[in-house]
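Below, each chain spelled out in residue letters.
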Amino acid sequence: LPEHVGVIMDGNGRWAKAQGKPRIFGHKSGMDALKKVAVHGARRGLKVMTVYAFSTENWARPVDEVKFIMSLPIDFYGKYMPTLKAENIQIRMIGEREGMPKATLASIDRAAEETAENTGMILNFAMNYGGRRDIILAIQELAKSGQDLSLLTEEELSKHLQTAVLPENLRDPDLII
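This section reports on the structure supplied with the text. Keep in mind the model is a prediction, meaning the values are calculated, not measured.

Attention now moves to the side chain of T50. Among the structural elements, T50 can be located in strand β2 (residues 48–55). Engagement of the side chain of T50 in a polar contact is seen with the side chain of H4, the distance being 2.8 Å. Excluding residues that lie within four positions of it along the chain, T50 makes contacts with H4, V5, G6, V7, N124 and A126.

Spelled out as structure tokens, the structure:
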């Protein structure tokens, strides 16, 4: 089995519209499905599940939809924390904190603190995250440190990506869904 699975939370709004329901219904259903998938992954022995929940490009969505999506982590942690704790799941987040609602960040931070001692699967939320943006930020950080970018290796770049918070052998997903 793979050790690190990435899950791109995409298509929830389209799914809801196909059901004749509002897009936000799809986002809520996606949150409920995520809990089931995370628990199943943890029980099957996954070490990391990165959930690409909100990309930097998602800010272009309608304001009401973005506001609803940003409320989902609050609901998720409020509703599912007992289960996540019981399953020994550790919560983490990658992505840019700047521009995110304070209540959303506070909820994620609280969940990360409450599960910091858990030793099971890491449920890593990518919020306000973009892969290209991550690479740019890493290169900017290296340039500021005086690194000769003409000598940059993949290994050195990896140390500066946001996934560097994960154990070294688990930073890159083995499978993306």
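After that view of the structure, there is still more to cover.
Across a sheet, strands are paired by hydrogen bonds formed along the backbone, either parallel or antiparallel in direction. Taken in spatial order, the 5 strands of this open sheet run β3-β4-β2-β1-β5, and their pairing is parallel. Looking at strand neighbours, the two that pair on one side only are β3 (90–94) and β5 (175–176), the edges of this open sheet. As paired strands, β3 and strand β4 (residues 122–129) are joined by 5 bridges and run parallel to one another. Pairing of I94 across the sheet is with A126, part of β4. Taken strand by strand, helix α3 (residues 63–86) contacts β2, β3 and β4, and its axis lies near 170° from that of β4. Contacts from helix α4 (residues 102–115) reach β3 and β4, with the element oriented near 140° to β3.

Glancing now at the nonpolar core. In terms of nonpolar packing, the biggest core is built from 30 residues, with F76, L123 and F125 touching the most fellow members. For this core, the elements supplying multiple residues, two or more each, are β1 (4–8), α2 (23–44), β2, α3, β3, α4 and β4. Those residues in contact with L123 that sit more than four places away from it in its chain are A38, M49, V51, F76, L84, I89, Q90, I91 and R92.

A few words now on α3. In this model α3 runs 35 Å from its N-terminal to its C-terminal C-alpha over 24 residues, within 8% of the 34 Å that 1.5 Å per residue would give. The sharpest bend along α3 reaches about 65° and sits at Y80, with the proline P82 one to four residues further on. Among all positions of α3, only E65, V66, I69, M70, L72, P73, F76, Y77, Y80, M81 and L84 are buried. The elements touched by buried residues of α3 are α2, β2, β3, α4 and β4. Positive phi shows up at N88, right after α3, with a value of about 65°.

The subject of this paragraph is the side chain of T163. Tracing the backbone shows T163 in the loop between α6 (154–158) and β5. Excluding its chain neighbours within four sequence positions, the residues that come into contact with T163 are I94, D134 and R171.

Taken as a whole, this structure holds 11 salt bridges when the rule is applied. Between K28 and D32 there is a salt bridge whose closest N-O contact spans 3.3 Å. One end of the pair is K28 and the other is D32, both in helix α2 and 4 residues apart, which spans about a single turn. The exposure class of K28 is partly exposed, given its relative accessible area of 35%. Residue R133 is joined to E96 by a salt bridge in which the shortest nitrogen-to-oxygen separation is 2.9 Å. With R133 in helix α5 (residues 131–144) and E96 in the loop between β3 and α4, this pair connects stretches of sequence that are 37 residues apart. The network of salt bridges with shared partners includes R23, R61 and E65.

What counts as what
Residues numbered from 1 in each chain as written. Predicted model: local features only at pLDDT ≥ 70, side-chain atom pairs only at ≥ 80, totals over all residues. Heavy atoms only, no water. Helix = DSSP H or I, 4+ residues; strand = E, 2+ residues; numbered from the N terminus. Polar contact = N/O pair within 3.5 Å; in protein donor to acceptor, adjacent residues only side chain to side chain. Contact = heavy atoms within 4.5 Å. Pairing = 2+ DSSP bridges. Axes fitted to C-alpha atoms, helices over the stretch in contact; angles between N-to-C directions. Core = buried A, V, L, I, M, F, W, Y, C linked by side-chain atoms within 4.5 Å. Buried < 20%, exposed > 50% of the residue type's maximum accessible area, 1.4 Å probe, protein only. Expected span 1.5 Å × (residues − 1). Bend = angle between axes of the 7 residues up to and from the residue. Salt bridge = Lys/Arg side-chain N within 4 Å of Asp/Glu carboxyl O.

In short, shape yes, function no, at least from these values alone.
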